[in-house]
Structure formats: C-alpha cells, structure tokens
Amino acid sequence: MMADLREMYTFEFMRYALTVGVFGGGMLAFLGIFVHLRRIVFLGAALPQITALGIALAIALHLPLLVGAVLGGLVGILLLSTSGKPGHLPTEGWVGLAYASGGSLAIVVLALSPHPDAGALRFFTGDVLGTNRAEALFAIAVAGFTALIFRLCWSKFVVSSFDPVMSQTLGLKVRRWNALLFLCLGFGLAAVMNSAGSMLAFGMLIGPPAAALMCFRAFPKVVVTTVVLGAGAAFVGLTASFLFDLPGGPTMATAALAPVLPAWIYRKIRK
Amino acid sequence: MSRLFHFDQADLGYPSHRVLRDLSFGVDERDFIGIVGPNGAGKSTLVKTMLGLLPLCAGCMEWPGGRPTIGYVPQREQIDPIWPMRVRDMLQFTLTALEPPHWRRRGEDERVAEVMQTAEIDALADQTLDTLSGGEMQRLLLARALVVEPQVLLLDEPTAAMDLFATERFMNLIARLHRDQQVTIMLVTHDLQSLAGRATTVGILSHGTLHHGPTAEMLSAERLSEVYGHQVEVHRQNDQLFIAMQGLENGGQR
C-alpha cells in the first residue's frame, strides 16, 4: 500500500495536484470559517461562479487562465461587497443573480469562444490532474500570504467580523479588514478554481469548517481541525481518485464534505 | 464638571429623512444621562451619530476636550452566539485588536481579569457565548466596553427583554461604575423606572427634538403624558418610581 502511494506521487502531475489541493484547499477551508460565521455561505457559492466567468473570458480572449481567475474573483468580491444598499434589492438577491448569471454566462462564453481549448472545461468538471507547476506555486504563495496576514492580525479579523459596529466605534478600520479578508478569499478561490474547478473550491470552503464548528466551541481547535480536514481531504480524495479511477476534483470535494455527517452525529451524541 | 460634548442646532438622520431637527444640548463629564422616548423618536439615530456612524445633516457636534474613548454596549440581540469564543476570549480579542499587528500572542491581560470582576462575570470566564443567559451576555458586553478603558459608556437599550432581577443587577452595576469610576454614562432605554435614583439628567426625545433636564423634572406625569400621548400616572417612593399608563383599553385609542 505504501509502495503504491509512493509510486503514485512520483508522477509530477500528481504532486502538482496534491500541492493545489493541500495548500489551496486548506486555505479555503480556513477562510470558510469566516464564511460560515459571518453567515455569507451564499456569497461563497456565488463567487466561484463569477470566477468561472473570469476564466471563461480569459479562454475566449486567449489570456492566461490564472489572470481570468484572479480578475473574476476580485470583480466578484467588489460587486457583491457593494451590493444590497438599503432600499434596493436585498444582498441575497444580488448573490443569487451573481450565482445564476456567473455560471450560465461562463458556459455561453466558452461555447462562443473563438479559441476553443480541449482543456477548457476542466475547471467545470474539476480535473485537478491538469494542474501545472505555475498553478501549484500560485496556490502555495496565496496560502502563505493568507497564513501570514491572519497570524499577524488574527484578532482584528475576528473582532471586525464579529461586531463591525462596535469595532468602528473603537477606531478599527472595518472596511479595510473586510477588504483584506475578501481579497484573500478572491485569490484563494482563483488558486483552486483555476486548477480544480468550482466544485472543489466550494466543497473546501464549506465542508471542513462546518464539521469543525459542529465539534468545537473554541477558535484554536476549530482552526486546526478545519485546516487538517481541508488538507487531509485533498490527500485522501486525490489518492482515492487515482486508485479507483475517479474524477479528481469531485472526489476531493466529496472527501471535504464527508466529515460533516460524523461531526453532526458527534454533536448530537454530546448534547 | 466640564462639558463633555454638545450638539449645536444639529439635524440628525439621513439626507432624505431628518429624524431630529435643531438639536441643541450637551452632556457634562461624569454625568449619567438617560435618553428615553417612544419608538421611532430617534434614539438609535442619536446613538449612531454620537458613535460617528452617521454624519450630521446640519449644525455641529463638538467634543471640547477632544473625542474620548467611547465604550459602546449594544443590545445583546446584535451579538451572534454561534462564534466559537469563550467569555475571556472575546475580551482578549477586543483588547488585542487595537494593538499593532503582532506575531506572538500575549498572555492574558490583567485588564481582562479586572473587567470580568467589575462586570461580575469572572465565574463565566471559560463559558462559550452560546451558553450565556440574556443577563450574562449583557454583562459580557458591558465588560467588553470597559476593557478599552472608556471615559464614556454609551448603552443602547441594554435591559430590553431582561427579567426584573437581571435588570436590577445590571442597572446597579452601571450606577456603581458611575459612582466609583466616574465614567460618564449615556443610557438609551424604554425602562423609565430604572432611571429613577440613578440618572442625574434625562433627555426625552419626542416630535423630532429633545427635551433635557433633571431626572425628577423630566419624569413627571405631565411631561410623560405629553410625550407618549396618553395619561401617565407617576408615583414616587424613596428612589423608586412607579409609572402607570391609562387610556389603553381601546387598543391605545384615547
């Protein structure tokens, strides 16, 4: 078994896929804690769709996919964070519109693309095995930046997300910390979406933190559990996909969501 | 006592809807002012303006000695208990959030232990937010406001939906802070009884403006009847105030 594993990861494409899964997935899982606690899960679903539209436009315009992913993620963050002004459509309405239009337009743009690419649909189907070295390095860089910024400014992120009004009265620049959080989220989604598709990105964002939040009521345990589950899901999912000839992205996403059921049972028993 | 802040012919609210007009009043340092008024009178607008969350529409608001640190105590319903934090964590986060970015987390600050004792929540230090009762949560929010060593405490309906015992305990705590630590208190409330014997002055928001004066004068039957539009009876016994409203038999129609 160990020999099989060792052999499996002698292939370069497997190592790149694992790198994106572990670093990108672990980072998205960590950011998912804030997505859950701030009650913006719908936004987490809509953002990958807008990022997908960015990637589709990049394909159509013959630009690097990563450029499309980053721009798509950032434009999505900008649009969704400024929507929902009083008297207009509620925030959920904007998020729903973004979800529906982002996903459908991405497919339409791809269909109309003058530069058809055989691998263009891999970010929809989640074929993580197509990941290249640059994409793997990008995932490491974004995860490293996110880890550093959150380590240094952890309490600022928590306090400004937990009670923005009180934070503002204390002079904390809430908009700045929100922007930084969403920037990390935008780049994180771009890093994973670009290689492994929206399914894996959303699965990582939602599954591991949901399981950790069900089991623990203190931040240190929630954070460690979430990151371990996210990174572990990438390894387990990728290995399983290789051994059983399954699609990589969806198998990793399934592994990311799998701990939710046992966590829910654990919570019920403990209650 | 010197003047802490004052409004001068200020219009408060939104560009499309001015809630309070031509407001001119001030609060002195170490004052305990209660702000009361019917629903929709502009209490929240006043709080938001004082906190700097809403700009003035007209006029001016001045802090003669410079803007002090304000400890804001919101209603506990504004707090989301799903956050995985213990009582001591919330206070520690608030304290460290104001410091420059740092690599190593410091040990628990003495200030956190001190305010937990002051707010009578030291026994709850390791409890998580979702296990706190309404009164405990409100005392935690008070502790969070105190942890930044404020000169002014601004409390927005802190005793709303609190039982009688919890209300009394909380109000006694506020009165003690005012008396022993000379903190200026600005308390927005619907609970008129709780102001009697505690607040030095009362401001009544009504019909787009604020009437301001000593507590006994402002909480009189005549004044309250005029503000609430119903016959109000006020009975006093020592520092206690008993208020009864008449004329509500027909769904509030006089």
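What counts as what
Residues numbered from 1 in each chain as written. Chains lettered and ligands numbered in written order. Predicted model: local features only at pLDDT ≥ 70, side-chain atom pairs only at ≥ 80, totals over all residues. Heavy atoms only, no water. Domains from an automatic or database assignment. Contact = heavy atoms within 4.5 Å. Buried area = accessible area lost by both parts, 1.4 Å probe. Pairing = 2+ DSSP bridges. Helix = DSSP H or I, 4+ residues; strand = E, 2+ residues; numbered from the N terminus. Axes fitted to C-alpha atoms, helices over the stretch in contact; angles between N-to-C directions. Salt bridge = Lys/Arg side-chain N within 4 Å of Asp/Glu carboxyl O. Polar contact = N/O pair within 3.5 Å; in protein donor to acceptor, adjacent residues only side chain to side chain. Nonpolar A, V, L, I, M, F, W, Y, C, P; charged D, E, K, R; others polar. Core = buried A, V, L, I, M, F, W, Y, C linked by side-chain atoms within 4.5 Å. Buried < 20%, exposed > 50% of the residue type's maximum accessible area, 1.4 Å probe, protein only.

Undergrad: I keep staring at the domain arrangement of chain B and nothing clicks. Help me out?
TA: How big an interface is tends to be reported as the loss of accessible area on association of its parts. Residue and element names in this part refer to chain B. Here the domain parsing of chain B yields domain 1 (1-68 + 151-218) and domain 2 (80-149). Domain 1 and domain 2 are separated by 25 Å when their C-alpha centres are compared. Each side of the interface is counted separately: domain 1 has 13 residues, and domain 2 has eleven residues. Summed over both partners, the interface of domain 1 with domain 2 buries about 980 Å², with 65% contributed by carbon and sulfur atoms.

Undergrad: How should the sheet that holds strand β4 (residues 58-62) of chain B be read in this particular structure?
TA: Sheet strands pair by backbone hydrogen bonding; their relative direction is either parallel or antiparallel. Residues and elements named next belong to chain B. Within the open sheet, the three strands sit side by side as β2-β1-β4. Their pairing is antiparallel. In this open sheet, the two edge strands, each paired with only one partner strand, are β2 (17-28) and β4. Between one strand and the next, the sheet's axes are offset by a mean angle of 15 degrees, whatever the strand orientation. Examined bridge by bridge, strand β1 (residues 3-14) and β2 share eight bridges and lie antiparallel to one another. Bridge assignment links Phe5 to a residue of β2, and that residue is Val27. Its contacts with the sheet place helix α1 (residues 43-50) against β1, β2 and β4, and it is angled at close to 120 degrees to β1.

Undergrad: Explain the interface of chain A and chain B here, please?
TA: Taken together, the contact between chain A and chain B spans 30 residues of the former and 31 residues of the latter. Buried area between chain A and chain B, summed over both chains or domains, comes out near 2,700 Å², and the portion from carbon and sulfur atoms is 66%. Looking at the side of chain A facing chain B, the largest losses of area belong to Phe162, Thr169 and Arg217 of chain A, adding up to 28% of the total buried there. Inspection of the chain A/chain B interface yields three salt bridges. Across the salt bridge formed by Asp80 of chain B and Arg39 of chain A, the nearest N and O atoms sit 2.6 Å from each other. Summed over the shared surface of chain A and chain B, the number is twelve residue pairs in polar contact (both at pLDDT 80 or more). At the level of elements, α2 (12-37), α7 (133-152), α8 (154-162), α9 (164-169) and α11 (219-243) of chain A are the ones that each hand at least two residues to the side of chain A that touches chain B. No other element matches the seven residues that α8 of chain A contributes to the side of chain A that touches chain B. In the side of chain A that touches chain B, the residues fall into 18 nonpolar, five polar and seven charged.

Undergrad: Teacher, can you tell me more about the nonpolar core here?
TA: Note that soluble globular proteins tend to have their nonpolar side chains buried in a common cluster. Counting 163 residues, the largest nonpolar core has Phe150 and Phe219 of chain A together with Phe25, Leu46, Leu142 and Leu153 of chain B as its most contacted members. Here this core takes 19 residues from helix α10 (residues 174-215) of chain A, the largest share from any one element. Here this core spans two domains, and each of domain 1 (1-68 + 151-218) and domain 2 (80-149) of chain B adds at least three residues to it.

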